[in-house]
Amino acid sequence: MSTPPMSTPYAEVIGDPIAQSKSPAIHGFWLAKLGMAGEYRATRVAPDDLAEYFAERRADPAWRGCNITMPHKQAAMPLLDRIEPLARRVGAVNTVHRAKDGALVGRNTDVGGFLEPLAELLARRHLFRMTRVIGTGGAARAIVAGLAGEGFTLVLAGRDPGKARAILEELAPGGEHHAVPLTAFTGPTDFAFDDREGCCDLVVNASPLGMRGQPPLAFDWSHAPPGSLAYDIVTDPLETPFLRDARAAGFATIDGLAMLIGQAAGAFERFFGTPPPREHDVELRDRLAA
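Computed from a predicted structure; not experimentally measured. Residue positions are given per chain, counted from 1 along the sequence in the order it is written. Given that the model is predicted, a residue must reach a pLDDT of at least 70 before its local features are reported, and side-chain atom pairs must reach 80 or more before they are shown or counted; all residues, however, enter totals for whole chains, interfaces and linings. Hydrogen atoms and water are omitted, and side-chain values are computed over all heavy atoms in the structure.

## Brief notes about the packing of helix 6 (residues 138-149) against helix 7 (residues 161-171)
Line of reasoning, step 1. Where helix 6 meets helix 7, the axes come as close as 10 Å, and the angle between the chain directions of the two elements is 45°. Between helix 6 and helix 7, the interaxial angle falls into the category oblique. Helix-helix and strand crossings are classified by hand; for helix 6 and helix 7 the assignment is right-handed. Of the residues in helix 7, those in contact with Arg-141, Val-144 and Ala-148 of helix 6 are Ile-167, Leu-168, Glu-170 and Leu-171.
Line of reasoning, step 2. All residues other than Ala, Val, Leu, Ile, Met, Phe, Trp, Tyr, Cys, Pro, Asp, Glu, Lys and Arg, Gly among them, are scored as polar; the first ten of these are nonpolar and the last four charged. The residue makeup of the contact of helix 6 with helix 7, split by class, is 5 nonpolar, no polar and 2 charged. Here an angle of 0 to 180 degrees is reported between the N-to-C directions of two axes, which are lines fitted to C-alpha atoms, with helices fitted over the stretch in contact. The numbering of helices and of strands both runs from the N terminus, where a helix is a DSSP run of H or I of at least 4 residues and a strand a run of E of at least 2. The scheme is simple: roughly parallel for angles under 35 degrees, roughly antiparallel for over 145, roughly perpendicular for 65 to 115, oblique for anything else. Crossings are sorted by hand: turned counterclockwise from the far helix by less than a right angle, the near helix makes the crossing left-handed, and turned clockwise it makes it right-handed. Note on contacts: a residue pair qualifies if any of its non-hydrogen atoms lie within 4.5 Å across the two residues.

## Quick look at the pattern of salt bridges
Line of reasoning, step 1. Any Lys or Arg side-chain nitrogen located within 4 Å of an Asp or Glu carboxyl oxygen qualifies as a salt bridge. On inspection of all chains with the given rule, the structure shows 19 salt bridges.
Line of reasoning, step 2. The partner of Glu-56 in a salt bridge is Arg-57, and the shortest N-O contact between them spans 3.8 Å.
Line of reasoning, step 3. Assessed through its relative accessible area of 26%, Glu-56 is described here as partly exposed.
Line of reasoning, step 4. Glu-84 is the partner of Arg-107 in a salt bridge, and the nearest nitrogen-oxygen pair spans 3.1 Å. With Arg-107 in strand 6 (residues 104-107) and Glu-84 in the loop between strand 4 (82-83) and helix 3 (85-90), this pair connects stretches of sequence that are 23 residues apart.
Line of reasoning, step 5. Overlapping salt bridges, with partners in common, bring together Glu-12, Arg-41, Glu-56 and Arg-57 in one network. Burial here depends on accessible area, computed with a 1.4 Å probe over protein chains only, as a share of the maximum for the residue type. Under 20% is buried, over 50% is exposed, and the range in between is partly exposed.

## Things to note about the sheet that holds strand 12 (residues 252-254)
Line of reasoning, step 1. Paired strands, in this sense, are two strands between which DSSP finds at least two bridges. Taken together, the 6 strands give an open sheet; going across it, the order is 9-8-7-10-11-12, and neighbouring strands pair in parallel fashion. On the outer flanks of this sheet lie strand 9 (178-181) and strand 12, each paired with one strand and no other. Geometrically, the sheet is characterised by an average inter-axis angle of 20° between neighbouring strands, direction not taken into account.
Line of reasoning, step 2. Two strands pair when backbone bridges link them, and strand 7 (residues 128-134) and strand 10 (residues 199-205) are joined in this way by 7 bridges, in the parallel orientation. Across the sheet, residue Thr-131 finds its bridge partner in strand 10, namely Leu-202.
Line of reasoning, step 3. Against the sheet, helix 6 touches strand 7, strand 8 (153-158) and strand 10, its axis set at about 165° to strand 8.
Line of reasoning, step 4. Its contacts with the sheet place helix 8 (residues 241-248) against strand 10, strand 11 (229-232) and strand 12, and it is angled at close to 170° to strand 11.

Here's what the structure looks like:
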């Protein structure tokens, strides 16, 4: 797990597994475009090694921080010195950076990264907003918190509806939200949706289902109102059955690269002290999708 100290400033992404991560390609692309001296790498950290990892990185002056993916987004929190308010509310960190005073600070850029490609849609006025969210992990918590803040009524589906209910009560209290089992959307429905004029409907896969090596997400698109937008946070593969089936049913889609690039942008500035060159996003997406 440990690696020799480096003199070049660097950041990294940690998780278990980690080989599939596209984060090194994203940050490396931005560093190259900016002509900056810096590196970004992927490091596998097993759950039992997480405390040792942070102890080692604290002692490495070249280390600028890390992104965190499964399964460490919640386990890392007690090992840090400070947690930013949004991350504390979400209950998960996906970014750790070293502050000027040397403290390790945890933050959550998943919320902003998820909402970024929805900015134009959310700028419109709607009579009603509803989202069906599948998943109850760390990413789902960020998505629930973000959408609740944008006035959405939420239907949260998970293997354990009790866990889904607890998440809603914690992160979106007071709303008329619903917790349902994962199987709630697997079979067809003949529910007669209205034309949903003036409404905003999302269907979000916030689970690992559909990821390479995982079972596909079973979702019958008869459960989506007309005009719904399908959003899958899975990035490997980029073309998931969930998105493919959504398009076949006539729905617009957003793929996992949108959130991945958005959340990475918030982390990059903390690591390297300058915003990433987002004017090259089209080129970056082409590289990542190749």
